[in-house]
Each structure stands twice: as structure tokens, then as C-alpha cells.
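Secondary and tertiary structure notes
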Amino acid sequence: MSARIAGIGSLALAAIALLAFVPRLGNAYYLALSISLLQYTVLATAWGMFSGPTRYVSLATTAFFGVGAYTVAVLGEILPWPLVLLIAAALGAMVAGVVGLSTLRLSGVYFVIFTFGLTELIRQLVVWFEVNKSRVLGRYVFVNITQADIYWQLLALTAAVFLLGWLIARSRLGFALRVIGEDETVAKHCGINTTFAKVALFTISATIMTLVGAIMAPRWTYIEPSIAFNSMISFQVLIMALLGGAHRLWGPVLGAIPLTLLFELLSARFPNTFTIILGCIFLVIVYMLPRGVAGLFERRSAPSAKTTQRVTA
Amino acid sequence: MSSDGGTPVLAVNGLRRAFGGLVAVNDLGFEVALGEIMGLLGPNGSGKTTALNLMSGVLRPDAGTIRLMGQDIAGLASYRIARLGLARTFQLVRVLDGMDCRENIRAGLAFQKPHLTAAEAELRIGALLARVGLAGHDQRPAADLTYIDRKRLELARALAAKPRLLLLDEWLAGLNPSELAIGIDLIRSLRADGITIVLVEHVMSAVRALCDRCIVMSSGRKIAEGLTADVLSDAAVVKAYLGGVAADA
Ligand SMILES: Nc1ncnc2c1ncn2[C@@H]1O[C@H](COP(=O)(O)OP(=O)(O)O)[C@@H](O)[C@H]1O
Ligand SMILES: [Mg+2]
């Protein structure tokens, strides 16, 4: 067992070391594409960390991404970069804590709708604040950060997220989340403080999403609420995680990579019908691959057809 | 029984819970002494499951107190009550279908303090599997188990927490005669471990074999209480059951 862990660990380290050389290739297009790939990998993995075990479908990805991006737009010029990231993470965690405490008692579809509404609410708040208090609608992002810097930061974040996810899965908190996902009533009767467990993981996941938004912000030179809070991100991340399979730590990346490439292609070729295509892809995934790509890999070693069926039903 | 001097494991007083206009549990009161098996009887819809839900924190009482080892737990969150030593099974069996038998039992003990070491936990899980008759099913997904084995697994999960008080909601229902005999022996053996039990049951042979005392509910109210043999021959009890469940199984 520990030999296997060491094996996977050194493989992962080697992969990261190799990936760190991408900016050295000197190809701006590949670098931009790699940034997108990492961005969605982290977002989808973070989404799956919470939604995989609990089966709560969150559409709040955009909200946290936007909070991160806007923090940079406001503070990026004034404060040193590490401090900006720290403040962004703290803000994201705070919003997530408040939202989690007030919504994680909701179940199923109410939670989905609330998280979607939350994004809109935060965006409107930002718009209101900018128009009435700061008297601007957009902001220029003047920070001294190159595309390569963005890439390296995302790569480090990717590594951190997988390490964190692995540690959580092995922890008592990770096990608690799985029990909650199976049966919340039973979880409570097993002595699990379900509210705490859910809010904790929701906050961890949201903090990571906020950091992605903050790291990505310098990519735009100009930010306004509709750019930072683009709800398409929530849907894309959801689709990626579902395609890959959110019940495994390594599942969402299997969806994030092919779909980022596909979306890149589609949004360039069919900018007007992109949303419709996105919807169709979503339907196909839900019907054809209810357990995602990760589910395909598991089929061989699946304990029984019956279990698989039950979980998919 | 509480006249023995010790604090009762469970003491319920003036417990009430209504759903809209329907008073499912009405001014319910009783005590259960250490090591006792108390039968909670009554026709369908008389409020037995609701009473268990109030004790285990699934529902909040409208009024009344519930003391577990002297501490009032009425209205506490389920997880707090569970950590204070109350475990239960459900009338409709609830096991964690996506997990194997070992993990199901681990769920029962992983969140109890003090935490066991991994090695201790694994030993305990193995012992519990054997105790409920699931030895060798360690890696079996709970979803693949037969009905009786699901019941066994659910009981093992409840026992994993080393409860002081165990609430069993029709745990023996639906078992065939030989399974029933095994089940009765199993529950009896729990008493020997010092576990106090409240047994909601329709199977009268089991009630006679296991319960020291019984209370009988009808339309949310307690209509009889006493030694099992006396209660089962009580005229009011027989009347409450008429048209409901057969008086003997
Ligand atoms: N959550 C609930 N909401 C509304 N009514 C309920 C609820 N739970 C139980 N009841 C009602 O309370 C009464 C008692 O039910 P229950 O406690 O399940 O009885 P028993 O377990 O004795 O068969 C029934 O009339 C039932 O319909
Ligand atoms: Mg019942």
C-alpha cells in the first residue's frame, strides 16, 4: 500500500516538474491553452471535493471565482501580491462559511437554485457598490504578473489541491462526508456533526475556487462584473466534473481536459450557438455516463453490477 | 425499577409532539432502568416511531423532557445525542448501500470519542461482524445483502458506538421463525453486555421472551404499563390491538 502511494507520489512530482517547463516552450498559444486547462482542472477538482461525496450540486463556482478576481482588481495595485492572494482566499472562505451555514440545510434542488441566485446577488452587489460608491463600472488590472507567472501559480495550486484532496479523503472528515452522501440521517445518528462537516468542505472547496479567480485576474487587463462573474464558468465546471466523475479525486480532471479543449474549439467556431451546444453536451453526459469517465474505469473492478446501478439511479 | 436507587438510563416526562392537528405523542412518560429491556407496544400509528424519533433527535418535542443518564436531551441535535450514548435502528432499514460491511460499521464507531486507533477499530469491526452473524462479509457491499443481513448490519453499526441505550424499531419484523430465534438470542445477549434497550415490537413471542416491562401506546397516549405478562393480559391493551395487529405471532 505505502509502496503504491510512494509510486503515485513520485509520478505526480515528475509530472509537475515536467509541466513546469511549458512556459519555456515559448509558444503563447500553448501557454494560454495550458492556463485554461489548469484553471478548469483546479475548479472542477475543487467542485468535486465537496459535491462528489455530498452530492450537493453547487452553481456557486462563479461567485467565488468572481470574488477572487475582483479582490485583485481592487487591491492588486495597492498591496504586495502574496497579501492580495491571502486576502482573496480569506474573503472567499468568509463568504463560503456564511453561505454554507445558511444553505446547507437546504436540500436538492433548493440548494442548486440558491447557489445560482447567490452568484447573481454577489454580482449585483458589486455593481451597486462600484456605481454608487466607487463611481466606476470597470477597473484596470495593473499588476506585474506575466502569463508564465499565472501558469506556475496555477500549477502549484493544482498540486496543492490534489494533495489536499488526498489527505481529506483519508481523514475522518472525508469519511464523514461519504457517510453524509450516503444517508444524512444515519450520519447524524453516527455522531457526525453534519452541518460542520459540510460547511468545512464547502469552505475549503470555495477558497480554492476563489484563489483560481484571483490568480487568473491579471490575465485580463480590464475587469468588470460581467467578466468576473460569468455564470458560464459554473456550468462548465459542473459539466466537466460530471463527465469525469465527481466521486473520485482524480475524476474531474478526466472531464476538465477534453472539455476545455472542446469548449476552446467550439467557442471560437460557433460563438453564437455555444450555449446550446453546451446544453446538449450536458444532456448527453448525464444520460450516457452517469458515473463519468471514472465510472468507466471502475467497471472492471466494480464489486457488483447492482451497486453501480443503485448509485446511478 | 428506578426505586433501586440508581438514576434511570432513560426518563421521559410529559413528552408531546403534534403534526398539524394530529397529536402523535401525547403526554408520554416512563422510565427505563439500567440493563432493562422495555417493550414499547401499540397498534400502527399509535406514535411509537415518533417517540423514538423524539428521543434520538430526529424530531423536536413540542413539550416534555427526555433524560439520558440524568441529562436532558430533549431537542438536542441527533449527533450530540448519539455521542452521549444513544444508538438506534430504523423501522425501514437504513444501511449505507454504497459502502461495504466494514465501512458501514466503521461509520458507527469512527465519530465516537475517545477515538480508537486504526488497529483497535479494525478489531472491533471484525468482532461486531461476527457477533451479528456477518463474519466473512467484510468487503461485501451493503447493497448486495439480503433483508435479514441488512438488519444485522444496521444493528452492528448501532452497537459499534458502544451505546448505553439502544432503540430498536421493529428490528425483528419480517424474519422467518429460525431467524427470529437467532434475533431474540442476539438481543438477549446485548443485555448481558449492560446495554439498556427500548424495543418497539409487534412480534408478541419476542416481546414475551425479551421484555422485562412494557408500555402500550394508543393514539399517542400511554394506555398501560407494567410487567410484560400483566400488560399483555390487560383488557384495555387487548382492545387497542383488536382490528390492528394479531395479539400473537
Ligand atoms: N413526519 C411526520 N409528519 C406527519 N405525520 C407524521 C409524521 N410521522 C408520523 N406521523 C403520524 O403520526 C402518527 C404516529 O406515527 P408513528 O409514530 O409512525 O406510529 P407507529 O410507529 O406507532 O406506527 C401517525 O398518524 C403518522 O401518520
Ligand atoms: Mg413505527
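Residues numbered from 1 in each chain as written. Chains lettered and ligands numbered in written order. Predicted model: local features only at pLDDT ≥ 70, side-chain atom pairs only at ≥ 80, totals over all residues. Heavy atoms only, no water.

1. Examining helix 9 (residues 194–216) of chain A
Basically, it comes down to this: Each helix is a run of DSSP H or I of at least 4 residues and each strand a run of E of at least 2, with the numbering of both proceeding from the N terminus. Expected span, for any helix, means 1.5 Å times one less than how many residues it has. Note on exposure labels: buried denotes an accessible area under 20% of the residue type's maximum, exposed denotes more than 50%, and partly exposed covers the range between, all computed with a 1.4 Å probe on protein chains only.
The terminal C-alpha atoms of helix 9 of chain A, which comprises 23 residues, lie 33 Å apart, in line with the 33 Å expected from a rise of 1.5 Å per residue. Within helix 9 of chain A, 20 of the 23 residues are buried, which leaves the element mostly enclosed by the surrounding structure.

2. Here's the deal with the interface of chain A and chain B
Applicable threshold: Here, two residues are considered to be in contact whenever any of their heavy atoms come within 4.5 Å of each other. For any pair of parts, buried area is found by adding up, for both, the accessible area (1.4 Å probe) each one loses once the two are put together. Each reported salt bridge corresponds to a side-chain nitrogen of Lys or Arg within 4 Å of a carboxyl oxygen of Asp or Glu.
Listed as interface residues are 20 residues of chain A and, on the opposing side, 25 residues of chain B. Buried surface at the junction of chain A and chain B, summed over both partners, amounts to about 2,200 Å²; 64% is from carbon and sulfur atoms. Of all residues in chain A, A:Arg172, A:Phe175 and A:His189 give up the largest surface area on contact with chain B, accounting jointly for 29% of the area buried on that side. Joining chain A to chain B, the criterion identifies 2 salt bridges. Of the charged contacts, one joins A:Asp183 and B:Arg94 as a salt bridge, the two residues approaching to 2.8 Å between their closest N and O atoms. Looking at the side of chain A that touches chain B, the elements with two or more residues in it are helix 7 (172–182), helix 8 (184–189) and helix 15 (305–312) of chain A. If you tally residues by element for the side of chain A that touches chain B, the top one is helix 7 of chain A, at 6 residues.

3. A closer look at the coordination of the magnesium ion (ligand 2)
All names here are of chain B. Applied cut-off: Sites may look incomplete, because water is not among the atoms used; the donor set itself consists of N, O and S atoms within 2.8 Å of the metal (3.2 Å for Na, K and Ca).
In the first shell of the magnesium ion (ligand 2), the protein supplies Thr49 (OG1) and Gln91 (OE1), at 2.0 to 2.1 Å from the metal. With Thr49 in helix 1 (residues 48–56) and Gln91 in the loop between strand 6 (86–88) and helix 3 (101–109), this residue pair connects regions lying 42 residues apart in the sequence. Taking the relative accessible area as the measure of exposure, Thr49 reaches 25% and is therefore partly exposed. Residue classification places Gln91 among the partly exposed residues on the basis of a relative accessible area of 33%.

4. A word on the state of the cysteines
Here is the rule we go by: Disulfides are defined in this document as cysteine sulfur pairs within 2.5 Å.
Inspection of the entire model under this criterion finds 0 disulfides over all chains. No disulfide involves A:Cys190; its nearest neighbouring cysteine sulfur is the one of B:Cys101, lying 14 Å away. Assessed through its relative accessible area of 3%, A:Cys190 is described here as buried.

5. Some details on unusual backbone geometry
With glycine set apart, most residues show a phi of negative sign, and most peptide bonds adopt trans. All names here are of chain B. For the peptide bond that leads from Lys113 to Pro114, omega is 0 degrees, which places it in the cis range. Among the secondary structure elements, Pro114 is positioned in the loop between helix 3 and helix 4 (118–131). Its identity is not glycine, yet Asp27 carries a phi of approximately 50 degrees, on the positive side. Examined against the element boundaries, Asp27 turns out to sit in strand 2 (residues 22–32).

6. Quick notes on the side chain of B:Ser46
Residue and element names in this part refer to chain B. As a reminder of what qualifies: Here a polar contact is recorded for every N or O atom pair within 3.5 Å, except that within protein the pair must consist of a potential hydrogen donor and a potential acceptor, and residues adjacent in sequence are included only if both atoms are side-chain atoms.
Its location among the elements puts Ser46 in the loop between strand 3 (37–41) and helix 1. Within the structure, Ser46 has its side chain in polar contact with the backbone oxygen of Pro43 (distance 2.7 Å). Beyond its immediate chain neighbours, meaning those up to four positions away, Ser46 contacts Ala24, Met217, Ser218, Ser219 and Gly220.

7. Details of the confidence of the model for chain A
Residues and elements named next belong to chain A. The test is simple: As a per-residue quantity, pLDDT reports the predictor's confidence and falls between 0 and 100.
Here chain A shows a mean pLDDT of 87. Residues at 70 or above account for 94%. Taken element by element, chain A is modelled with least confidence in helix 15, mean pLDDT 34, and with most confidence in helix 9, mean pLDDT 96. Contacts of residues 300–313 to residues separated by more than four positions or lying in other chains number 18 contacts, the stretch itself having pLDDT below 50.

8. Thoughts on the sheet that holds strand 5 (residues 71–72) of chain B
Hydrogen bonds between backbone groups are what pair the strands of a sheet, and the pairing can be parallel or antiparallel. All names here are of chain B. As a reminder, the rule being used: For two strands to pair, DSSP has to find at least two bridges joining them. All axes here are fitted lines through C-alpha atoms, helices being fitted over the stretch that makes contact, and every angle between N-to-C directions spans 0 to 180 degrees.
Taking strand neighbours across the sheet as the criterion, the 4 strands line up as 2-1-4-5 in an open arrangement whose pairing is antiparallel. This sheet does not close on itself; its edge strands, each paired only once, are strand 2 and strand 5. Summarising the sheet, strand 1 (residues 10–19) and strand 2 pair through 7 bridges and their orientation is antiparallel. Following the sheet pairing, Ala11 is matched in strand 2 by Glu31. Where helix 1 meets the sheet, its contacts fall on strand 1, strand 2 and strand 4 (63–68), and the angle it forms with strand 2 comes to roughly 65 degrees.

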